[in-house]
Amino acid sequence: MTSLTVRLTGVFKVHDTRGATGLDDLFAKFKELVNELLDYSSTRSITAFKRLKGEKYHELRSKHPELPSHYIYTACQMASSIYRSFRKLKRRGKARGDKPFFRRNVVMLDDHLLSLDLERWEASVATENGRRVLGKLLHGTYHEKFRDMRAGEAWLVKGEEHGSLYLKAVFSGDVEVADPNGSRLAVDINENNVTFGTEKEVNKLITKEKAMRTGYFLKRRRLQSASRLNEKPIMSKYCGREARRVEAVYHRAANAIVKKAKEEHVSQIVLEKLRNIRNRIAYRREMNGRLHRWSFRRLQSIIEYKAKVTAVSVVYVDASYTSRLCPTCGDKLSLRGYRVAKCVNCGLEEDRDVVAVKNLLQRDVPTSTVQGESSPMTISEERRPSSCRSQRWVRTEPTWL
Ligand SMILES: [Zn+2]
């Protein structure tokens, strides 16, 4: 058995903001700090958190003596990660302006700034005027799973509605994962189905995600063209509904995969390491909106998390040409129709997705990735979540920045 740390992000709505009044100052000051740091980074091209902190910490500390010092650390973390993302976008020609500007009402916390009482579902944050108790955190049974986990870095986010507040926190907990016994299960994710199996048997689960996404996409477009209806509440109602439906489909698929792995006594689930999923499916330009919503990585991370909490490890393998080469003889396959592939050399005729699964099962596992690729619910070697370790922060960079 190997001990691994499972990381999981939880979002809690803060129910009563009575105690949270006075946080406006904190949001404003944090924003000011991050923007000052972004200015500094941009003019000097500083991407490293360490250097930014090294050069600016003391100055900012003496400028804001009343502010708990860890906010300067977290502001440096946030600024350096925003600046890095900005540079990446800029290189691809997708960012406007010379420097990024931080507009969101978000405050980044670490384990010194936030204290979280999971027994009573209460949280408090350090401010200029001492600790502020946030109201009760709303939670259902869904959130019970965080109970035995440790809270690490977190973000306090001001919601769209007036006075609404959310706490987003990364939890980690230890799980025991079985050592590899040679038995593997591979998963091939497609827009409309998830195909998975072992050497013995391959199953295909129809997700109909494409149809679902297209339906919502068309609905959104209709709403957008009718100006009266192009209002936020209606749009966000449909967006929220789409996200929830897709999320439910992902969880069902992940459950089926993990169940299969348990039944077959599989010690390892093989997932595809894909660089560019956009090259993978044919699409028309008008369908861009739908395509960009296909969250392939999200499904992978759900599978990864569910596998690991049930003691099955996950590996990512190179997935290039998995649907184009014959799993039996390695020759190039030719297509028969859209879904079936045929090997001229050995006569194999098989569904393309089944071929992909069979090829994935044969791929070598790079030893360095055994601990898993980084993903929102990533697993890493045991390390106590401490306040400011750049690696960890970067990994959990929230997608909504
Ligand atoms: Zn062949």
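In this report, we go over the structure that sits alongside the text. Since the structure is predicted, the reported quantities are computational estimates derived from the model, not experimental observations.

**So, the pairing of strand β5 (residues 130-136)**
Phase 1 of the analysis: Where strand β4 (residues 122-127) meets β5, five bridges bridge the pair, whose relative direction is antiparallel. In the strand pairing of β5, S124 is matched with V133.
Phase 2 of the analysis: Here β4 hands over to β5 after two residues, the two strands then running antiparallel side by side.

**Observations concerning the pattern of salt bridges**
Phase 1 of the analysis: Under the defined criterion, the tally for this structure stands at 22 salt bridges.
Phase 2 of the analysis: The closest approach of N and O atoms between E122 and R120, which form a salt bridge, is 3.4 Å.
Phase 3 of the analysis: Residue class for E122 comes out partly exposed when judged on its relative accessible area of 24%.
Phase 4 of the analysis: The closest approach of N and O atoms between K308 and E304, which form a salt bridge, is 3.5 Å. Of this pair, K308 and E304 both sit in helix α7 (residues 296-309), four residues apart, which is roughly one turn of that helix.
Phase 5 of the analysis: Taking the relative accessible area as the measure of exposure, K308 reaches 0% and is therefore buried.
Phase 6 of the analysis: Each of E36, K56, E59 and K63 takes part in a single network of salt bridges with overlapping partners.

**Comments concerning the coordination of the zinc ion**
Phase 1 of the analysis: Taken together, C326 (SG), C329 (SG), C343 (SG) and C346 (SG) make up the protein donors of the zinc ion, found 2.3 Å from the metal.
Phase 2 of the analysis: Around the zinc ion sit four donor atoms; with metal-centred angles ranging over 102 to 119°, the donor geometry is tetrahedral.
Phase 3 of the analysis: Each donor residue of the zinc ion belongs to the same chain, with the gaps between them written as C-x2-C-x13-C-x2-C. On the criterion of sequence distance, the pair formed by C329 in the loop between β12 (313-318) and β13 (333-336) and C346 in the loop between β14 (340-343) and β15 (349-351) is long-range, its members being 17 residues apart.

**Digging into the packing of aromatic side chains**
Phase 1 of the analysis: Per the counting criterion, the structure on display carries four aromatic pairs.
Phase 2 of the analysis: Considering the side-chain rings of F12 and W121, the 5.7 Å spacing of their centres and the 50° angle between planes classify their relative orientation as tilted. One end of the pair, F12, is in strand β1 (residues 2-14); the other, W121, is in the loop between β3 (114-117) and β4, and 109 residues separate them in sequence.
Phase 3 of the analysis: Its relative accessible area of 3% is what places W121 among the buried residues.
Phase 4 of the analysis: Seen from their ring centres, F12 and F171 are 6.0 Å apart, and the 80° between their planes marks the pair as edge-to-face.

**Observations concerning helix α2 (residues 49-63)**
Phase 1 of the analysis: Counted at 1.5 Å a residue, the expected span for α2 with its 15 residues is 21 Å, and the 20 Å between its end C-alpha atoms agrees.
Phase 2 of the analysis: Along α2, the largest kink reaches about 45° and is centred on K56.
Phase 3 of the analysis: Those residues of α2 that sit buried are F49, L52, K56, Y57 and L60.

**Some remarks on the sheet that holds strand β10 (residues 202-206)**
Phase 1 of the analysis: An order of β10-β9-β8-β11-β12 is seen for the five strands of this open sheet, with the pairing classed as mixed. The open sheet has two free edges, formed respectively by β10 and β12, since each of these has just one partner strand. Strand-to-strand twist in this sheet, taken as the mean axis angle between neighbours without regard to direction, amounts to 25°.
Phase 2 of the analysis: Pairing between strand β8 (residues 184-189) and strand β9 (residues 193-197): four bridges, direction antiparallel. Within the sheet, the bridge partner assigned to V187 lies in β9 and is F196.
Phase 3 of the analysis: Contacting β8, β9, β10, β11 (268-273) and β12, helix α8 (residues 352-362) runs over the sheet at an angle of about 140° to β8.

The rules behind each value
Residues numbered from 1 in each chain as written. Predicted model: local features only at pLDDT ≥ 70, side-chain atom pairs only at ≥ 80, totals over all residues. Heavy atoms only, no water. Pairing = 2+ DSSP bridges. Helix = DSSP H or I, 4+ residues; strand = E, 2+ residues; numbered from the N terminus. Salt bridge = Lys/Arg side-chain N within 4 Å of Asp/Glu carboxyl O. Buried < 20%, exposed > 50% of the residue type's maximum accessible area, 1.4 Å probe, protein only. Donors = N, O, S within 2.8 Å, 3.2 Å for Na, K, Ca; no water. Tetrahedral: all angles 85-135°; square planar, octahedral: opposite > 155°, others 65-115°. Phe/Tyr/Trp six-rings, centres within 6.5 Å; stacked < 30°, edge-to-face > 60°. Expected span 1.5 Å × (residues − 1). Bend = angle between axes of the 7 residues up to and from the residue. Axes fitted to C-alpha atoms, helices over the stretch in contact; angles between N-to-C directions. Contact = heavy atoms within 4.5 Å.

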